[in-house]
Amino acid sequence: MKAVRIHAYGNSNVLAFEEAPTPGITSNEVLVRVVAASVNPVDWKIREGYLKQMIPHPMPLTLGWDVSGVVVAVGAEVTRFRVGDAVYSRPDIKRNGTYAEYVAIRESEVALKPRTVSHIEAASLPLAGITAWEALITSAQLTAGQRVLIHAGSGGVGSLATQLAKSRGAYVIATTSGKNRALVESFGADQVIDYQTQQFTEILQDLDVVFDTMGGDIQESSWSVLKQGGILVSIVTPPSVTKARERGVRSAFVFIEPNAPILEQLAERVDHGKLRPIIGAEFALHDIAKAHALSETGRTIGKIVLYVGQP
């Protein structure tokens, strides 16, 4: 099969579009023919070697951990899926990924694809959707009437987080550039802050939740807009527990694992028109270096998706 693999850590020059063995499956796995995958920042961070201490991958490594495709084989113990099922997944990041024509995935990590969207759209959802869900619903326990700030509301995670927060009945504030204001408002944001011309710290106060997708100075500044008992949730770097305690607020850090039950709930929301995937760019699998370069700018709208196979 064709796959994009790396044989050593490094810049985009290490990305190799090449022949690779089709994976076998164990009794509790399904083999998925990949129709589409998507690019996430964790992909190029792993490629660069930033996570090699935390996740020591053997080489060569197939990158990519978002997929939508079709089941072509099932293990002897698999009961939830049949050959021909359209499925999607964020598989185990410690294993070979989805920049390939086929990928083996544990049954427990797979869900039926949303019926009302394409494989391209479905492939954009798993990692970003699970991340948004774990941050806002699992960690922050966001409820109706609460006020939440979502940084980078037009990004892959932020676009879904804005929609999820609105569906929970929250008052949603999102940061973005001025040119994306209308787009973020279409996600349901009640208030949009143009980070290029406005300082959110001068506008906001007494928030229940801040969802940090940026880290650095943005995370540091976010403490000041929380109310007593509020929570700062980050997906970039763990917020300081000491600072949270000093300010009388809470903190949480989210690094997700595969979660099929959340994927099932995301699919239900998509099929009921309550959540829509946002695709910012599309590439063929062999153009993976261009896709990574775009992701590394940190300025993408929605998700970057890869065409891999036929529907």
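Anyway, here's the lowdown on the structure attached to this text.

Analysis parameters
- Residues numbered from 1 in each chain as written.
- Predicted model: local features only at pLDDT ≥ 70, side-chain atom pairs only at ≥ 80, totals over all residues.
- Heavy atoms only, no water.
- Salt bridge = Lys/Arg side-chain N within 4 Å of Asp/Glu carboxyl O.
- Helix = DSSP H or I, 4+ residues; strand = E, 2+ residues; numbered from the N terminus.
- Buried < 20%, exposed > 50% of the residue type's maximum accessible area, 1.4 Å probe, protein only.
- Pairing = 2+ DSSP bridges.
- Right-handed = clockwise from strand over helix to strand, strands pointing away.
- Patch = residues over 30% accessible without salt bridge, like charges linked within 9 Å, V, L, I, M, F, W, Y side chains within 5 Å.
- Areas by Shrake-Rupley, 256 points an atom, 1.4 Å probe, with all protein chains shown as cover.
- Axes fitted to C-alpha atoms, helices over the stretch in contact; angles between N-to-C directions.
- Parallel < 35°, antiparallel > 145°, perpendicular 65-115°, else oblique.
- Contact = heavy atoms within 4.5 Å.
- Nonpolar A, V, L, I, M, F, W, Y, C, P; charged D, E, K, R; others polar.
- Arc of directions from axis to C-beta.
- Lys, Arg positive; Asp, Glu negative; His and termini not counted.
- Polar contact = N/O pair within 3.5 Å; in protein donor to acceptor, adjacent residues only side chain to side chain.

## Here's the deal with the pattern of salt bridges
Applying the stated rule across the entire model yields 14 salt bridges. Among the salt bridges present, the one from Asp271 reaches Arg115, with a minimum N-O distance of 3.5 Å. Within this pair, whereas Asp271 is found in helix α9 (residues 260-271), its partner Arg115 is found in the loop between β8 (110-112) and α2 (119-123), the two being separated by 156 residues in sequence. Note on Arg115: relative accessible area 67%, which makes it exposed.

## Digging into the pairing of strand β9 (residues 147-150)
Relative to strand β10 (residues 171-176), β9 runs parallel, the two sharing 4 bridges. Its bridge partner being in β10, Val148 is matched across the sheet by Val172. Traced from β9 through helix α4 (residues 156-167) to β10, the parallel crossover comes out right-handed. Where β9 and strand β12 (residues 207-212) come together, 3 bridges link them in parallel fashion. Bridging across to β12, Val148 finds its partner in Val209.

## Concerning a nonpolar patch on the surface
On the surface, Met54, Phe253 and Phe255 cluster together into a nonpolar patch covering about 290 Å² of accessible area. Structurally, Met54 is set in the loop between α1 (41-48) and β4 (61-62).

## Re the packing of α1 against helix α10 (residues 288-296)
Packing of α1 against α10 leaves a shortest axis separation of 9 Å and a crossing angle of 105 degrees. By the angle class used here, α1 and α10 are roughly perpendicular. Contacts between α1 and α10 involve Pro41, Asp43, Trp44, Arg47 and Glu48 from the former and His292, Ser295 and Glu296 from the latter. Split into classes, the residues belonging to the contact of α1 with α10 amount to 2 nonpolar, 2 polar and 4 charged.

## Considerations on α10
Those residues of α10 lying buried are Ile288, Ala291, His292 and Ser295. Taken around the axis of α10, the buried residues stretch over an arc of 100 degrees, which confines them to a single face. Taken together, the buried residues of α10 touch β1 (2-6), β3 (29-39), α1, β15 (279-284) and β16 (303-307). The first or second residue beyond α10 is Gly298, which carries a positive phi of 70 degrees.

## Section: the sheet that holds strand β14 (residues 250-253)
Taken in spatial order, the 6 strands of this open sheet run β11-β10-β9-β12-β13-β14, and their pairing is parallel. Here the strands that pair on one side only, and so sit at the sheet edges, are β11 (191-194) and β14. In this sheet, adjacent strand axes meet at a mean angle of 15 degrees when their direction is disregarded. Summarising the sheet, β12 and strand β13 (residues 226-234) pair through 5 bridges and their orientation is parallel. From the neighbouring strand, Asp212 faces β13, where its bridge partner is Ser234. Seen against the sheet, helix α3 (residues 126-139) touches β9, β12, β13 and β14 and runs at an angle of roughly 155 degrees to β12.

## Description of the side chain of Arg90
Along the chain, Arg90 falls in the loop between β6 (86-89) and β7 (102-106). There is no salt bridge for the buried Arg90, and the closest opposite charge comes from Glu257, which lies 4.8 Å off by N-O distance. A distance of 3.3 Å separates the side chain of Arg90 from the backbone oxygen of Ile256, its partner in a polar contact. Here Arg90 is in contact with Trp65, Asp66, Glu109, Pro126, Leu127, Ile130, Ile256, Glu257, Pro258 and Leu263, once residues within four sequence places are set aside.

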